[in-house]
Amino acid sequence: TCIIQKISGLFKELKEDYELIYSKTYQLGLELSQKRYEVAQNIISLVDTQIKDLYLTHAKFDINFTKLDTLSKSGIDKIDFLVSMNPGQPLRSISKVASGGEISRLMLGLKVVFTRLSGISTIVFDEVDTGVSGKVALAVGEKMSSLGNENQVLCITHLAQVASFAKNHYHVSKFVENDETYTKVTLLNEDEHVLEVAKLISGNEVSEASILASKELIGNK
């Protein structure tokens, strides 16, 4: 009986400790949730500015908060990024609404915002310009170039408009030697930069017209 009473008392103490700790932690979760909400309003505004620059004129971005019934390791919130790309469309989860070109530009806008907020110094864009062309491609290149004024930006692209913004242009190629495949990365000089942009414009058959177009594209920066 004595042992049972001791065990019962111990369980009671542990339960009281648990409830006290849970209550304090939940209060911290509420405070964290409020701070997240305040920061989210700023992020929404910043992202909205970025995506307008990338010709997502009618897009709307929002951050949705859903309160959880219990605490989780990340607090009391379930957070979802929502977007509407066209007028009349409801806000829905990003993964369900954006096309290839649209999601590329949206992710670029998000990356610009979060890079600046988090103080990241190096950013890698792996064909973030997929599905875009023309003036939109120029806007994407300009956005990455602007980001490159503050950070180190490495961009992998097949678009002439984007490559023309490069301060340092590297050409990546593969070759086979003794039945082994190798990758070669070459830093291009000014003339080679013009030539590679010309190839992106017209294909490997470089013409005088594509060279002139390349020089004009690069020279307009």
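Per-chain numbering applies: the sequence of each chain, read as written, is numbered from 1 onward. Per-residue local features are limited, in this predicted model, to residues with pLDDT of at least 70; the limit for side-chain atom pairs, both in listing and counting, is 80 or more; totals at the level of whole chains, interfaces and linings are taken over all residues. Note that water and hydrogens are dropped before the side-chain values are worked out from all heavy atoms of the structure.

Visitor: An account of the packing of helix α3 (residues 100-118) against helix α4 (residues 134-148) is requested, with residue identities and associated values reported.
Guide: Orientation is described by axes fitted as lines to C-alpha atoms, over the contacting stretch for helices, and by angles from 0 to 180 degrees between their N-to-C directions. The numbering of helices and of strands both runs from the N terminus, where a helix is a DSSP run of H or I of at least 4 residues and a strand a run of E of at least 2. Running from N to C, α3 and α4 cross one another at 15 degrees; their axes reach a closest spacing of 11 Å. On the basis of the axis angle, α3 is roughly parallel to α4. For the crossing formed where α3 meets α4, the hand is left-handed. Of α4, the residues touching α3 (which contributes R105, L108, V112, T115 and R116) are V136, V140, K143, M144, S146 and L147. In this classification, Asp, Glu, Lys and Arg are treated as charged, Ala, Val, Leu, Ile, Met, Phe, Trp, Tyr, Cys and Pro as nonpolar, and every other residue, Gly included, as polar. Across the contact of α3 with α4, the residue classes tally to six nonpolar, two polar and three charged. Angle categories: roughly parallel below 35 degrees, roughly antiparallel above 145, roughly perpendicular from 65 to 115, and oblique for all the rest. Handedness of a crossing is defined here by the sense of rotation of the near helix relative to the far one, left-handed for an anticlockwise turn of less than a right angle and right-handed for a clockwise turn. Contacts are residue-level and defined by heavy atoms, with any inter-residue pair within 4.5 Å sufficient.

Visitor: Which residues make up the pairing of strand β5 (residues 152-156), and what values go with them?
Guide: Sheet topology places strand β4 (residues 122-126) next to β5; five bridges connect them, and they run parallel. Paired with F125 across the two strands is C155, which belongs to β5. With strands facing away from the observer, any crossover in which the path from the first strand over the helix to the second runs clockwise is taken as right-handed. After leaving β4, the chain enters α4 and then returns to the sheet as β5, a path that is right-handed. By this definition, two strands are paired if DSSP reports at least two bridges between them.

Visitor: I'd like to hear about unusual backbone geometry, residue by residue, with values.
Guide: Even without being a glycine, Y55 presents a positive backbone phi close to 65 degrees. Inspection of the secondary structure assignment puts Y55 in the loop between α1 (2-53) and β1 (60-72). The phi torsion at N178 lies on the positive side, around 55 degrees, for a residue other than glycine. Looking at the secondary structure, you find N178 in the loop between β6 (170-177) and β7 (180-187).

Visitor: Quick one: what's the story with the packing of α1 against α3, residue by residue and with numbers?
Guide: Across the interface, α1 lies against α3 with an axial gap of 9 Å and an inter-helix angle of 130 degrees. Classified by the angle their axes make, α1 and α3 are oblique. The way α1 lies across α3 gives a crossing that is right-handed. Across the interface between the two elements, I43, L46, V47, Q50 and I51 from α1 touch L106, G109, L110, V112, V113, F114, R116 and L117 from α3. Across the contact of α1 with α3, the residue classes break down as ten nonpolar, two polar and one charged.

Visitor: Describe the packing of aromatic side chains, listing the residues and the values that go with them.
Guide: Aromatic rings from Phe, Tyr and Trp, taking only the six-membered ring of Trp, are treated as a pair when their centres fall within 6.5 Å; an angle between ring planes under 30 degrees marks them as stacked, one over 60 as edge-to-face, and anything in between as tilted. Under the counting rule described, the total for this entry stands at six aromatic pairs. Between the aromatic rings of Y18 and Y22, the centroid separation amounts to 5.9 Å while the plane-to-plane angle is 35 degrees, which identifies the pairing as tilted. Here Y18 and its partner Y22 are both found in helix α1, four residues apart, which amounts to about one turn of the helix. An angle of 25 degrees between the planes, with centres 5.5 Å apart, marks the rings of F175 and Y182 as stacked. Taking the relative accessible area as the measure of exposure, Y182 reaches 38% and is therefore partly exposed. Chaining the aromatic ring pairs together yields one cluster made of Y18, Y22 and Y26. To sort residues, take the accessible area from a 1.4 Å probe on protein chains only and compare it with the maximum for the residue type: under 20% means buried, over 50% means exposed, and anything in between is partly exposed.

Visitor: I'd like to hear about the pattern of salt bridges, residue by residue, with values.
Guide: Counted as salt bridges are all cases of a side-chain nitrogen of Lys or Arg within 4 Å of a carboxyl oxygen of Asp or Glu. Here the structure, examined in full by the defined rule, presents six salt bridges. As a salt-bridge pair, D77 and R36 come within 3.2 Å of each other at their nearest N and O atoms. Within this pair, whereas D77 is found in strand β2 (residues 75-84), its partner R36 is found in helix α1, the two being separated by 41 residues in sequence. By relative accessible area, which is 5% here, D77 ends up buried. A salt bridge links D53 to K143; the shortest N-O distance between them is 2.8 Å. With D53 in helix α1 and K143 in helix α4, the pair connects residues that are 90 residues apart, well separated along the chain.

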